[in-house]
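An overview of the molecular structure
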Amino acid sequence: MEFMWVFLIVLLSLLAGPTPILSDSSLSSNGFSEIPKKLLTLAQKPELFEWMVGIRRKIHENPELGYEEFETSKLIRAELDKMGVAYKYPVAVTGVVGSIGTGKPPFVAIRADMDALAMQEMVEWEHKSKIPGKMHGCGHDAHVAMLLGAAKILKEHEKDLQGTIVLVFQPAEEGGGGAKKVLDAGALQNVTAIFGLHVAHHIPLAEVASRPGPFFAGSGFFEATISGKGGHAALPHHAVDPILAVSNVIGSLQHIVSREVDPLDSQVVTVGKVQGGEAFNVIPDSVTIGGTFRAFSKETLLQLKQRIAKVITGQAAVQRCNATVNFFEDEKPLFPPTVNHKELHKHFQNVAGDMLGTHRVKDHQPLMGSEDFAYYQEAIPGFFFFLGMKDDRLGYLDTPHSPYFRINEDALPYGAALHASLAVRYLIETQLEVPLPEQQNRDEL
Ligand SMILES: [Zn+2]
Ligand SMILES: [Zn+2]
């Protein structure tokens, strides 16, 4: 009989689930659905908000390009040191991967990118970029500040976490494939879900938007040199004209999407660069073109790549020219499409809905832009979403990659709180889903 009682007590304690998360007196009641709101309240406290704003402005003043984020990385590590958060460094050259929690499964990751763009800032303000020709024109300075904000809140409630939260400060999102390098370094082993966000100029503040399945397109780049034989412009019969060949190549490239692809399957081929010829009266030896192609599945991306190579070489041959095509496989590998995990989308809707109200959690159309978060999603279930910044008080906010791009810093607490809430609730829900470890029960008895 006594044996039965012990068994029942152990069983009941296991069924009761984990102890309340964030048991801080202000955070203990009302169950899990209240957690996101409470975390938002913490993130909006003036001390934390101003601290995040300070970090963001500091990074904004000193933008660094992909794999050169040494000062940014140093700043991140200094802040993690102050919080007492353990981390791995270097990961993928300048990356920092921290962890908060029990050090045991489940493991969930939240990610921020750190790199700036090679462009001149045109916004005149107190914290304008101090580096000529470099600018945080995509908001990654804000992403870093938000993830540090989340780290600070989570560290303060570490004892309540039901697993481990992995903080990924990733280099080189802008075309450098930093995400792939972080994965290749083995920094995300045992992680079963990853969340990422991007600030969005077109979505109102305090709103978020995303979709399940394909969200951003995969992309690739190409460059081709079409070679003929230079000569006098007045004697075309003595030359082989690469300019005419290129004009046919460009026209034919546009026929791939318009004639070979299902009109309901969005794809893009754009030639963004044409270089050739120097004089009015000279036929040049060669012309170089370059561009990008986009699609929503890896297969269609590979098909596009194959057809682009064939069309360029074939069309050049029609005009008696030779062509070489380069897809930069080493420096700019094909970006896979960003495909959101369906279950994690539901998780996002629940968590963001609890924080902001379901009417502020919007569906978003797929976009032809690319995001290297997609590499994580190839390896582990992942979810990516837009965080709204639009606010009439600030006037029109320019698009990312514009020299006039601005951040609405009021979005920082939302980003920090969403990072923290998505991770905390994922850990709780995953723990609740885990079937009772029968073998372990017997051992305990
Ligand atoms: Zn960007
Ligand atoms: Zn970006």
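What counts and how
- Residues numbered from 1 in each chain as written.
- Chains lettered and ligands numbered in written order.
- Predicted model: local features only at pLDDT ≥ 70, side-chain atom pairs only at ≥ 80, totals over all residues.
- Helix = DSSP H or I, 4+ residues; strand = E, 2+ residues; numbered from the N terminus.
- Buried ≥ 20, exposed ≤ 12 C-beta atoms within 10 Å, placed from the backbone.
- Contact = placed C-beta atoms within 7 Å.
- Domains from an automatic or database assignment.
- Nonpolar A, V, L, I, M, F, W, Y, C, P; charged D, E, K, R; others polar.
- Pairing = 2+ DSSP bridges.
- Expected span 1.5 Å × (residues − 1).
- Axes fitted to C-alpha atoms, helices over the stretch in contact; angles between N-to-C directions.
- Parallel < 35°, antiparallel > 145°, perpendicular 65-115°, else oblique.
- Left-handed = near helix turned anticlockwise from the far one by under 90°.
- UniProt positions renumbered as here; feature names shortened; annotations may be inferred.
- Core = buried A, V, L, I, M, F, W, Y, C linked by C-beta atoms within 7 Å.

The protein chain is annotated in an unreviewed UniProt entry as Putative peptidase M20 of Rosa chinensis.

The next thing to look at is the overall build of the protein chain. The secondary structure content of the protein chain amounts to twelve helices and 16 strands. Taking all 445 residues of the protein chain together, 44% fall into the buried category. For the protein chain, the proportion of contacts with a sequence separation of at least 24, taken over those separated by at least 6, is 80%.

Here we come to the domain arrangement of the protein chain. Examined at the domain level, the protein chain breaks down into domain 1 (10–216 + 337–433) and domain 2 (218–326). The C-alpha-based centres of domain 1 and domain 2 are spaced at 40 Å. In this complex, domain 1 contributes six residues to the contact, which on the side of domain 2 involves seven residues. Within the side of domain 1 that touches domain 2, the residues separate by chemical class into five nonpolar, one polar and no charged.

Moving on, we come to the pairing of strand β1 (residues 86–91). Both β1 and strand β2 (residues 95–101) contribute to a ladder of four bridges, which runs antiparallel. The residue of β2 that forms the bridge with K88 is V97. The hairpin turn running from β1 into β2, its antiparallel successor, is three residues long, and A92 in that turn takes a positive phi close to 55 degrees.

Moving on, we get to helix α7 (residues 242–260). An α-helical turn contains 3.6 residues, so any two residues separated by three or four positions project in the same direction. Over its 19 residues, α7 runs 26 Å from end to end, which matches the ideal 27 Å to within 8%, given 1.5 Å per residue. Residues P242, A245, V246, V249, L253 and V257 constitute the buried set of α7. Looking at the packing, one finds that the buried side of α7 touches β8 (218–227), β10 (267–275), β12 (286–295) and α8 (298–318).

Take unusual backbone geometry next. Look at the link from Y89 to P90: it is a cis peptide, with omega at -5 degrees. Along the chain, P90 falls in strand β1. Although it is not a glycine, A92 sits at a positive phi angle of roughly 55 degrees. The residue A206 is not glycine, and still its phi comes out positive at about 75 degrees. By the secondary structure assignment, A206 is in the loop between β5 (191–204) and β6 (208–210).

Once that is clear, we can look at the sheet that holds β12. One open sheet accounts for four strands, arranged β10-β12-β8-β13; its pairing is antiparallel. In this open sheet, the two strands that pair with only one neighbour each are β10 and β13 (322–326). Each adjacent strand pair in this sheet contributes to an overall mean axis angle of 20 degrees, direction not counted. Two elements, β8 and β13, share five bridges in a ladder whose sense is antiparallel. Directly across from S227, in β13, lies its bridge partner N322. Sheet strands touched by α7: β8, β10 and β12. Its angle to β10, the strand with the most contacts, is close to 165 degrees.

Attention now goes to the packing of helix α2 (residues 35–43) against helix α9 (residues 342–356). Between α2 and α9, the least distance of the axes is 7 Å, while the angle of their chain directions is 55 degrees. Regarding the angle of α2 to α9, the classification is oblique. For α2 against α9, the interelement crossing comes out right-handed. Note on element contacts: α9 touches α2 through V351, D354 and M355, opposite P36, K37 and L40.

With that out of the way, let us pick up the UniProt feature "domain: Peptidase M20 dimerisation" (unreviewed entry) in the protein chain. With numbering aligned to this structure, UniProt lists the feature "domain: Peptidase M20 dimerisation" (unreviewed entry) at residues 218–313. Across residues 218–313 one finds 36% helix and 34% strand; the C-alpha atoms that close the span lie 24 Å apart.

Between helix α3 (residues 46–61) and helix α5 (residues 140–156), whose axes approach to 8 Å, the crossing angle comes to 145 degrees. The hand of the α3/α5 crossing is right-handed. Taking contact as the criterion, the partners of L48, M52, I55, R56, I59 and H60 in α3 are, on α5, D141, A142, V144, A145, M146, L148, G149 and K152.

Moving on to the nonpolar core. Core analysis: the largest hydrophobic core is formed by 110 residues, its most contacted members being V108, I110, L147, V166, L387 and A423. No other element matches the twelve residues that helix α11 (residues 412–433) contributes to this core. Looking at which domains feed residues into this core, each of domain 1 (10–216 + 337–433) and domain 2 (218–326) supplies at least three. Look past the residues within four positions of A423 in its chain and what remains in contact with it is V108, I110, I165 and F195.

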